Amino acid sequence: YRKDTGRNGYSFFDPSMNANAEEHLQMVQDLRQAVEKGELLLHYQPRFDDPEGPIRGAEALVRWQHPHRGLIQPDDFIPTAEKTGLIIDIDNWVLDEACRQLKQWRDQGRDWTISVHLSPLQFAHADLIQTVRSALKRHELPPNSLILEITESTAMRNVDASMVILKQLDDLGVKISIDDFGTGYSSLLYLKRLPASELKIDRGFIKELVRDTEDAAIVSAIIALGKALQLKIVAEGVETRAQQEFLSELGCDALQGYLLGHPVPAAEFPGLDT
Ligand code: C2E
Ligand code: MG
Ligand code: MG
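Because the structure is a prediction, the values reported are computed rather than measured. (Residues numbered from 1 in each chain as written. Chains lettered and ligands numbered in written order. Predicted model: local features only at pLDDT ≥ 70, side-chain atom pairs only at ≥ 80, totals over all residues. Heavy atoms only, no water.)

Enquirer: What's the story with the overall build of the chain in this structure? I'm lost.
Expert: Helix and strand content of the chain: 11 helices and 12 strands. For 274 residues, the compact-globule estimate of 2.2 N^0.38 gives 19 Å, and the C-alpha radius of gyration of the chain, at 21 Å, lies within 12% of that figure. Expressed along its principal axes, the backbone C-alpha trace of the chain runs to roughly 70 × 45 × 40 Å. Burial statistics for the chain: of 274 residues in total, 45% are counted as buried. (Helix = DSSP H or I, 4+ residues; strand = E, 2+ residues; numbered from the N terminus. Rg over C-alpha atoms; globule rule 2.2 N^0.38 Å. Buried < 20%, exposed > 50% of the residue type's maximum accessible area, 1.4 Å probe, protein only.)

Written out as structure tokens, the structure is:
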């Protein structure tokens, strides 16, 4: 900090930091109203079991259409939403909207699943089970058409509490996906008992998969682990044909990535014109 000439002695912020703090406050205020004002929207990224086969589902990814700042990506507002607790309203909205969309697709004959994120706060929330149950009921969806994604760090933060929540979700019949797998600190002992149905290998390991022998070793170990524990293994961030072939050879169960489909608004989702 710099020494201030003002009568309070010290200031911890320089003027530019003050501007940032103000901007931050403004963002929190805007975010507070984003749900009510209907400024949130979802993009959907297709998911494949067989890259040559049909779409099997979609991952819902939130965006914020800010009135002045344009389209804001989740990495630029989810952390703030998480810190302020606003994430609960956001994730509830996402869950409801994604279920509504899936219902519409299923009514059109698409036997797809929908993947929806649970933030750490949402995951630990006392109302979670009831919220999920009523979303399924409201949209008349079979529980196993909903995949809830929680990150590895969320799942492992408090393993005993996680186990209880995951067990309840499992009893409800929804599927659990451990997102960004490989970036957290999984206890293999817990992983063995975790009622999850899939592990989603973090994009960071896929990027250099074909060139980097260490990444290749990690990915192949995760796939072997998944097979041994009877967990489905999903790779995200597949951008090249070489990555796709490499993953298929290793026996990866499902794929997502720009190669196969970008996240897009529901109206542009592929495979709906037939
Ligand atoms: P994630 O769940 O790991 O999602 C994957 C991210 O990678 C998405 O970014 C997606 O657009 C991007 N992606 C997909 N395929 C490719 C590819 O081939 N190459 C590259 N480079 N990127 C790819 P996005 O949409 O910006 O989301 C970022 C993160 O924000 C997500 O990571 C997720 O953790 C979080 N998020 C997104 N939607 C929600 C939500 O509704 N609620 C909560 N709590 N978090 C969300
Ligand atoms: Mg995800
Ligand atoms: Mg990820």
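Don't stop here, the text continues.
Enquirer: Whenever I open this one, the site of ligand 1 confuses me. Can you help?
Expert: The immediate surroundings of ligand 1 are formed by 24 residues, with R63, H117, D179, E239 and Y258 found nearest. Here E59 contributes a side-chain N or O atom positioned 3.1 Å from an oxygen atom of ligand 1. Y258 is positioned such that a nitrogen or oxygen atom in its backbone is 2.8 Å from an oxygen atom of ligand 1. Bound to the protein, ligand 1 loses 88% of the 800 Å² it would expose on its own. Structurally, ligand 1 is housed in the largest pocket. Secondary structure elements with two or more residues in the shell around ligand 1: β4 (55-66), α3 (87-107) and β8 (175-181). Tallying contributions element by element places β4 first for the shell around ligand 1, with 4 residues. For the shell around ligand 1, the residue count by class is 9 nonpolar, 5 polar and 10 charged. (Near = heavy atom within 4 Å. Polar contact = N/O pair within 3.5 Å; in protein donor to acceptor, adjacent residues only side chain to side chain. Areas by Shrake-Rupley, 256 points an atom, 1.4 Å probe, with all protein chains shown as cover. 1 Å grid on protein atoms, 1.4 Å probe; cavity = no way out; pocket = protein on both sides within 12 Å on 5 of 7 lines; lining within 4 Å. Sits in = over half its atoms within 2 Å of the grid points. Nonpolar A, V, L, I, M, F, W, Y, C, P; charged D, E, K, R; others polar.)

Enquirer: Please clarify how the coordination of the magnesium ion (ligand 2) should be interpreted in this entry.
Expert: Under ideal tetrahedral coordination, the four donors around a metal are separated by 109.5 degrees; under ideal octahedral coordination, the six donors are separated by 90 or 180 degrees. Surrounding the magnesium ion (ligand 2) are the protein donor atoms E59 (OE), H117 (NE2), E149 (OE) and D179 (OD), which sit 2.0 to 2.3 Å from the metal. Along the chain, the residues donating to the magnesium ion (ligand 2) fall in the pattern E-x57-H-x31-E-x29-D. Between the two metal centres, the magnesium ion (ligand 2) and the magnesium ion (ligand 3), the spacing is 4.8 Å. Pair noted here: E59 is in strand β4 and E149 is in strand β7 (residues 146-151), with a separation of 90 residues, a long-range link. (Donors = N, O, S within 2.8 Å, 3.2 Å for Na, K, Ca; no water.)

Enquirer: What is the right way to read the pattern of salt bridges from this model?
Expert: Under the criterion given, the structure shown has 15 salt bridges. Residue E245 pairs with R241 through a salt bridge whose shortest N-O separation is 3.2 Å. Remark: R241 and E245 occur in helix α11 (residues 241-250); sequence separation between them is 4 residues, near one turn of the helix. Beyond isolated ion pairs, a larger network of salt bridges with shared partners links D49, R56 and K232. (Salt bridge = Lys/Arg side-chain N within 4 Å of Asp/Glu carboxyl O.)

Enquirer: Before we go on, may I ask you to explain the coordination of the magnesium ion (ligand 3) in this structure?
Expert: Those protein atoms acting as donors to the magnesium ion (ligand 3) are D180 (OD) and E236 (OE), and they sit at 1.9 to 2.0 Å. Since its relative accessible area comes to 25%, D180 is described here as partly exposed. Residue classification places E236 among the buried residues on the basis of a relative accessible area of 11%.

Enquirer: Which parts of the structure should I look at to understand the nonpolar core?
Expert: General note: in soluble globular proteins, nonpolar side chains tend to be found buried as a group. With 76 residues, the main nonpolar core has V132, L148 and L169 as its most contacted residues. Examining the composition of this core, we find that 9 residues originate from one element, α3, more than from any other. (Core = buried A, V, L, I, M, F, W, Y, C linked by side-chain atoms within 4.5 Å.)

Enquirer: Before we go on, may I ask you to explain the layout of surface pockets in this structure?
Expert: Regions of empty space are outlined by a rolling probe, equal in size to a water molecule, passed over the atoms. Of the pockets and cavities examined, the largest pocket occupies roughly 1,000 Å³. Lining the largest pocket are 34 residues, with L61, P74, D75, H117 and D179 positioned closest to its centre. Residue assignment for the lining of the largest pocket shows that the elements contributing at least two residues are β4, α2 (78-84), α3, β7 and β8. Sorting elements by how many residues they give to the lining of the largest pocket places β4 first, with 5 residues. Space inside the second largest pocket adds up to approximately 270 Å³. Looking at the second largest pocket, it is lined by 14 residues, and the ones nearest its centre are T113, N144, I147, K175 and K232. (Points joined across faces, edges and corners; volume = space filled by probe spheres on them.)

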